[in-house]
Amino acid sequence: MLRRFKKTTLHNESFLNKLPSDILLDIFSHLSKSDCLTCMSVCRSCSKGWIQCIGSHVRRVIFNFFHNERHIHAIAKKLIANQCHQVEYLEFTHCTIPDHVALLRILSRLPQLTELKFESHFNNLPFLHVMHACPRLIRFTYTSTIFAYQDGLYSEEPKIKKPGLPKHLEFTHLKYLCLDAIMDKQARLHPILQKSPNLRYLICTNATTPRGLAPCVTSYDTTIVNLDDLPRWCPNLAYFETNTGRPLGCQDAWHDHLERPKSHHQGLQYFLTKDGQGYTPDTIAAYLRKNEETLQYLNLGRYYGYEVANSPLVHRVNWTTAFHTLSFQQLHTLICDDILTDSDSLAALLRKCPKLEKLILSSALLIVFNLPQMLEGLNHLKRLELSNLHLRYDNNQTIIHQFHSLNASGTRIEYVRLWDVHELTDELLQGFTQLRTLKVLDARANGTVVQTIDR
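Analysis parameters
Residues numbered from 1 in each chain as written. Predicted model: local features only at pLDDT ≥ 70, side-chain atom pairs only at ≥ 80, totals over all residues. Heavy atoms only, no water. Phe/Tyr/Trp six-rings, centres within 6.5 Å; stacked < 30°, edge-to-face > 60°. Helix = DSSP H or I, 4+ residues; strand = E, 2+ residues; numbered from the N terminus. Buried < 20%, exposed > 50% of the residue type's maximum accessible area, 1.4 Å probe, protein only. Lys NZ or Arg CZ within 6 Å of the ring centre and 35° of its normal. Contact = heavy atoms within 4.5 Å. Polar contact = N/O pair within 3.5 Å; in protein donor to acceptor, adjacent residues only side chain to side chain. Core = buried A, V, L, I, M, F, W, Y, C linked by side-chain atoms within 4.5 Å. Axes fitted to C-alpha atoms, helices over the stretch in contact; angles between N-to-C directions. Parallel < 35°, antiparallel > 145°, perpendicular 65-115°, else oblique. Left-handed = near helix turned anticlockwise from the far one by under 90°. Nonpolar A, V, L, I, M, F, W, Y, C, P; charged D, E, K, R; others polar. Salt bridge = Lys/Arg side-chain N within 4 Å of Asp/Glu carboxyl O. Expected span 1.5 Å × (residues − 1). Arc of directions from axis to C-beta. Pairing = 2+ DSSP bridges. Right-handed = clockwise from strand over helix to strand, strands pointing away. pLDDT = per-residue confidence, 0-100.

### Focus on the packing of aromatic side chains
Then step 1. Overall, the coordinates contain 15 aromatic pairs when judged by the stated rule.
Then step 2. When the ring of Phe-127 is compared with that of Tyr-142, the centres are 5.2 Å apart and the planes differ by 75 degrees; the resulting orientation is edge-to-face. Remark: Tyr-142 occurs in strand β4 (residues 139-144) and Phe-127 occurs in helix α8 (residues 127-132); sequence separation between them is 15 residues.
Then step 3. Consider the rings of Phe-240 and Phe-271, whose centres lie 5.5 Å apart with planes at 35 degrees: the pair is tilted. Taken together, the positions of Phe-240 in strand β7 (residues 239-242) and Phe-271 in strand β8 (residues 270-275) put the pair 31 residues apart, joining distant regions of the chain. Phe-271 matches Phe-240 in its accessibility class, with the two residues each being buried.
Then step 4. Ring-pair connections join several aromatic residues into one group, and the members of that group are Phe-63, Phe-66, Phe-92, Phe-118, Phe-127, Phe-140 and Tyr-142.
Then step 5. We note Arg-139 situated over the ring of Tyr-176; from NZ or CZ to the ring centre the distance is 3.9 Å.

### Looking at helix α15 (residues 343-350)
Then step 1. Among the eight residues in α15, seven count as buried, and that is most of the element.
Then step 2. At its buried positions, α15 is contacted by α14 (320-324), β10 (333-337), β11 (358-362), β12 (368-370), α16 (371-375) and β14 (390-392).
Then step 3. With a side-chain oxygen positioned 3.3 Å from the backbone nitrogen of Asp-344, the residue opening α15 is Asp-342.

### Some points on the nonpolar core
Then step 1. Grouped together as the largest cluster of nonpolar side chains are 107 residues, with contacts concentrated most on Leu-116, Phe-140, Leu-177, Phe-240, Leu-418 and Phe-432.
Then step 2. Look past the residues within four positions of Leu-177 in its chain and what remains in contact with it is Met-131, Phe-140, Leu-189, Ile-192, Leu-193, Leu-199, Tyr-201, Leu-202 and Ile-203.
Then step 3. Counting ten residues, the second-largest nonpolar core is a separate cluster that includes Cys-178, Tyr-201, Ile-203 and Tyr-270.

### A look at the packing of helix α17 (residues 399-408) against helix α18 (residues 426-433)
Then step 1. At a minimum axis distance of 9 Å, the contact between α17 and α18 shows a crossing angle of 20 degrees. One finds that α17 runs roughly parallel with respect to α18. Crossing hand, α17 versus α18: right-handed. Residues Ile-399, Ile-400 and Phe-403 of α17 lie in contact with α18, whose contacting residues are Glu-427, Leu-428, Gln-430, Gly-431 and Phe-432.
Then step 2. Of the residues belonging to the contact of α17 with α18, the class tally is five nonpolar, two polar and one charged.

### Topic: the pattern of salt bridges
Then step 1. Scanning the model with the defined rule gives ten salt bridges in all.
Then step 2. Here Asp-338 and Arg-302 are joined by a salt bridge, their closest N and O atoms 3.3 Å apart. Of the two residues, Asp-338 sits in the loop between β10 and α15 while Arg-302 sits in strand β9 (residues 297-302), which places them 36 residues apart along the sequence.
Then step 3. The class for Arg-302 is buried, based on a relative accessible area of 2%.
Then step 4. Glu-385 is the partner of Arg-383 in a salt bridge, and the nearest nitrogen-oxygen pair spans 2.5 Å.
Then step 5. Of the residues examined, Arg-383 reaches a relative accessible area of 28% and is grouped as partly exposed.
Then step 6. What makes Glu-385 buried here is its relative accessible area of 7%.
Then step 7. In this structure, a network of salt bridges that share partners links the residues Arg-383, Glu-385 and Arg-417.

### Points about the environment of Glu-157
Then step 1. Mapped onto the elements, Glu-157 comes out in the loop between β4 and β5 (176-180).
Then step 2. With 29 residues separating them along the chain, Glu-157 and Leu-128 place their C-alpha atoms 8.2 Å apart.
Then step 3. Apart from residues lying up to four places away in sequence, Glu-157 is in contact with Leu-125, Pro-126, Phe-127, Leu-128, His-129 and Arg-188.
Then step 4. Here the side chain of Glu-157 touches Arg-188 through a polar contact of 3.0 Å, side chain to side chain.

### Thoughts on helix α6 (residues 69-81)
Then step 1. The end-to-end C-alpha distance of α6 is 18 Å, a good match for the 18 Å that 13 residues give at a rise of 1.5 Å each.
Then step 2. For α6, the set of buried residues is Glu-69, Ile-72, His-73, Ala-76, Leu-79 and Ile-80. One face of α6 carries all of its buried residues, which in axial projection span an arc of 120 degrees. Of the exposed residues in α6, the ones pointing more than 90 degrees away from its buried face are Arg-70, Lys-77 and Ala-81.
Then step 3. Where α6 is buried, its residues touch β1 (60-64), β2 (89-93) and α7 (100-108).
Then step 4. Within two residues after α6, Gln-83 carries a phi angle of roughly 65 degrees, on the positive side.

### Let's talk about the pairing of β8
Then step 1. Of all six residues in β8, six are buried; the element is thus mostly enclosed.
Then step 2. Bridge analysis of β7 against β8 gives three bridges, and the strand direction is parallel. By the bridge assignment for β8, Tyr-239 is matched with Tyr-270.
Then step 3. Bridge analysis of β8 against β9 gives six bridges, and the strand direction is parallel. Residue pairing for β9: Asp-275 is matched across the bridge by Arg-302.
Then step 4. Handedness of the β8-helix α13 (residues 281-289)-β9 crossover: right-handed.

### Focus on the confidence of the model for the chain
Then step 1. The share of residues in the chain with pLDDT of 70 or more is 75%, and the mean pLDDT across the chain is 81.
Then step 2. Confidence drops under pLDDT 50 across residues 211-220; counting only partners more than four residues distant or on other chains, this segment forms 20 contacts.
Then step 3. Within the model, pLDDT remains below 50 along residues 306-314, and this stretch shows 15 contacts once partners closer than five positions in the same chain are excluded.

### Describing the pairing of β10
Then step 1. Among the five residues of β10, four are classified as buried, and the element is accordingly described as predominantly covered.
Then step 2. One ladder, built from five bridges, connects β9 with β10; its direction is parallel. In the sheet register, Leu-298 faces β10, and the bridge partner there is Leu-334.
Then step 3. Relative to β11, β10 runs parallel, the two sharing five bridges. Along β11, the bridge assignment pairs Asp-337 with Ser-362.
Then step 4. Running through α15, the crossover from β10 to the neighbouring parallel element β11 is right-handed.

Okay, here's the thing in structure tokens:
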């Protein structure tokens, strides 16, 4: 009796394995991800039944939180054994893969791979070898962990026991490249850019190094890209972000770039950077002037590297002269985050941005700006965000009268955010409410909501 019971149990356990894979796939397609994982954990037979569904139809594979490299390789072998040769997207998030030869072996078995992503990765990678192993690669993303700021961690390509790279190597399919790590850009990134003539989107940032720890990283001035050679290497760039960390504003810029209708203009359209580490206002301005006819989005900030947040003004670089030399006929968004300038220079720049729709100004130095002067002539402006600013007004006119003048000039402002603006008076708030097109007013002082209007 016991033998018969055991035999019956074994027969029931193998039931899933006897179903055709297309039927199993149809069953699992009606379940959520968590339900599928629950089914797989019932017994080994159920787990094998799930593996049976994996085949040439698989297009996306994601590894999350794998710190045992053997498990990654075991799963990869099963995928390949089940004819998963059509995978187009492969992602490793919070994974540890120190064996680079084994990784390259996996990648070489996925000939259709077009997107490869390493998020919050714990190991340095041989970027050139990885890209060479994926000849159809279009998008490549690498971001280090938040604590990967040790000096020298990314200084060189890891040495691997594998034949050398071809002499005339090119990544002709590569359109999107994101390398977010504190590394010697001249040694690690420049060789990739020189081999990527069709690159459209370049994000080369310095990870989220905790503020104040940057001075601990020697050779920190090598983390910038050569702006003189870049146009020659990658003449088709449309989106370029460099010398920044990973703030949310940069993510907003990327999403804005994806959502907006594609422009017919050739040339750089989105540029995000911070001054410091070899990037001076004059250096950046010279690069901007080469792209001022096509640029649509500009985000300028100050890099928190060798200087502390409250460093004296004498140690700060000044954008006053550079702003007077710039003109952007296509610019729709301008963000200035804690850069040193004055009201007159900023107003001069804004007058040469006739299509500006979004203006964000933030200053930890409490620089005084003339608000009516800044807004004069910005007839396309829809969104205005100000924080940590001192404002001043024309003493010969009341604030209300100045806002009536904005109405008369045809202002289109719909959204206004005023956070920690030091002249946040009732008269100023009343002035903004006089704008006919205003829909949202968000005013806060020291984190306290002063007034919110949502029409």
